[in-house]
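Breakdown of the fold
Listed here are the chains, written in short residue letters.
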Amino acid sequence: MNSFVEKAARLSVAPMMDWTDRHCRMFHRLLSRETLLYTEMVTAPALVRGGALHLLEFSAPEHPIALQLGGSDPVELAAAAKLGAAAGYDEINLNCGCPSDRVQSGAFGAVLMQSPDVVADCMAAMAEAVEVEVTVKCRIGVDDQDPETVLPDFLEKIRAAGVKRVTIHARKAWLQGLSPKENRDIPPLDYDLVHRMKAAFPDMHVSINGGIATLAEAKAQLDAGLDGVMVGRAAYHQPSDILCAADPVIFGSGAVTDPFDAVRAMLPYIEDEMTKGARLHQITRHMLGAFAGRPGARHWRRHLSEGAPRAGVGPELVEEALALVEARAA
Ligand SMILES: Cc1cc2nc3c(=O)[nH]c(=O)nc-3n(C[C@H](O)[C@H](O)[C@H](O)COP(=O)(O)O)c2cc1C
């Protein structure tokens, strides 16, 4: 296969509800040309029954971009995938990893690890419905499942349904007793299992996710034989550390980008979005980490987080904050 989106999946920024909205993705895209970006999870019922097509909006520069769907009904997911493909997404992904509440049509997220046949039916229906790649993001298991048996069975079934690419969050989800946040930290990581899955399924494109905190760690995972690395929280909180050198280091193309340039390149976007009704804070809240760990980071963060929610402020606030960082960096 080796499609452009598969190549982009060497490094991806994880789907994160309330975080990886289109403003966030636009900023990430200005830091890395090549990295694959995921939407927040959008539920199939919201699209298909609720008609919430505004959830699919994105800007052309965000490509390569994947839509993550939540759902467990093959017919509804196929319809949602079609809507996603028509909206221009490069990939449609099914969430089998979020420990989430049940919805009326059944269950979705990590609980699907208990129903690999349902996942296979969903993926087959989605693959049939769209031309773009359909992929899965999963855990290594849930609750008292044994990942050593559950995960290979799960992969075998989705592969038979036509899935060629999977991202594995290398820890279990505990469906009882842990909050979604605790479920990202408390169940132990098992990177070794993900590497063994790659060895067992050499024809599948396998990405690893969970706890990867630096670009060097991401590179080491690729060097150790995996096809892709997905980074979540580190990419959000320290976007420049993960993304500025991603193009040359991970993709062997382009140059290291500069967060100052990326922020400046956001200014016309911010102006444009504000004329369409966005508020400054909705955009800049995703840029607070732009200078994390660098001189002036605190001034940047404070100026934006205190100023941006005020009425009547616009891109000039970002320029002021940038001047504060420049003064510290000089
Ligand atoms: C705020 C937040 C929201 C998340 N929302 C989603 C989501 O919508 N879909 C999903 O598959 N995973 C979601 N996740 C999980 C991440 O995609 C990722 O699997 C997890 O954070 C582990 O990766 P990390 O250690 O690199 O952050 C979310 C994580 C966070 C922090």
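Quick caveat: nothing in here was measured; it's all calculated off a predicted structure. (Residues numbered from 1 in each chain as written. Predicted model: local features only at pLDDT ≥ 70, side-chain atom pairs only at ≥ 80, totals over all residues.)

A14, M16, M41, G232 and R233 are the nearest of the 23 residues found near the ligand. Among the secondary structure elements, those contributing two or more residues to the shell around the ligand are β2 (36-43) and α9 (233-237). Taken together, the residues of the shell around the ligand sort by class into ten nonpolar, eight polar and five charged. (Near = placed C-beta within 6 Å. Helix = DSSP H or I, 4+ residues; strand = E, 2+ residues; numbered from the N terminus. Nonpolar A, V, L, I, M, F, W, Y, C, P; charged D, E, K, R; others polar.)

This brings us to the UniProt feature "site: Interacts with tRNA" (unreviewed entry) in the chain. Per the UniProt record, "site: Interacts with tRNA" (unreviewed entry) is annotated on N95, K181, R184, R298 and R301. Annotated residues spanning 207 residues; largest pairwise C-alpha distance 35.1 Å, indicating distribution over more than one region. Turning to its location among the elements, N95 is positioned in strand β4 (residues 91-96). Not counting the four nearest positions on each side in its chain, N95 is found in contact with M41, Q68, L69, G70, F108, G109 and K137. (UniProt positions renumbered as here; feature names shortened; annotations may be inferred. Contact = placed C-beta atoms within 7 Å.)

It is the contact of helix α6 (residues 147-160) with helix α7 (residues 191-200), at a shortest axis distance of 11 Å, that shows an interaxial angle of 40 degrees. Compared by their axis directions, α6 and α7 come out oblique. The hand of the α6/α7 crossing is right-handed. The residues of α7 that touch α6, namely those facing P147, L151, P152 and L155, are L193, M197 and A200. Each residue belonging to the contact of α6 with α7 can be placed in one class, and the counts come to seven nonpolar, no polar and no charged. (Axes fitted to C-alpha atoms, helices over the stretch in contact; angles between N-to-C directions. Parallel < 35°, antiparallel > 145°, perpendicular 65-115°, else oblique. Left-handed = near helix turned anticlockwise from the far one by under 90°.)

Our next topic: the nonpolar core. Counting residues in each nonpolar core, the largest one holds 94 residues, and the members touching the most others are L77, M123, M126, I158 and V231. At seven residues, helix α5 (residues 116-129) tops the list of elements feeding residues into this core. Mapped onto the domain boundaries, this core takes at least three residues apiece from domain 1 (4-251) and domain 2 (259-329). Excluding anything up to four places from it in sequence, M123 contacts L94, V134, V136, I158, A161, G162 and V163. (Core = buried A, V, L, I, M, F, W, Y, C linked by C-beta atoms within 7 Å. Buried ≥ 20, exposed ≤ 12 C-beta atoms within 10 Å, placed from the backbone. Domains from an automatic or database assignment.)

Of all five residues that make up strand β6 (residues 165-169), five are buried, and the element is covered over most of its length. Of the two faces of β6, the one lined by R165, T167 and H169 and the one lined by V166 and I168 are each fully buried. Relative to β6, strand β5 (residues 133-138) is paired through three bridges, and the arrangement is parallel. Looking at the pairing, C138 lines up with I168 of β6. Viewed along the sheet, the connection from β5 through α6 into β6 turns out right-handed. Here β6 pairs with strand β7 (residues 205-209) via five bridges, running parallel. Among the inter-strand pairings, T167 is bridged to a residue of β7, identified as S207. (Pairing = 2+ DSSP bridges. Right-handed = clockwise from strand over helix to strand, strands pointing away.)

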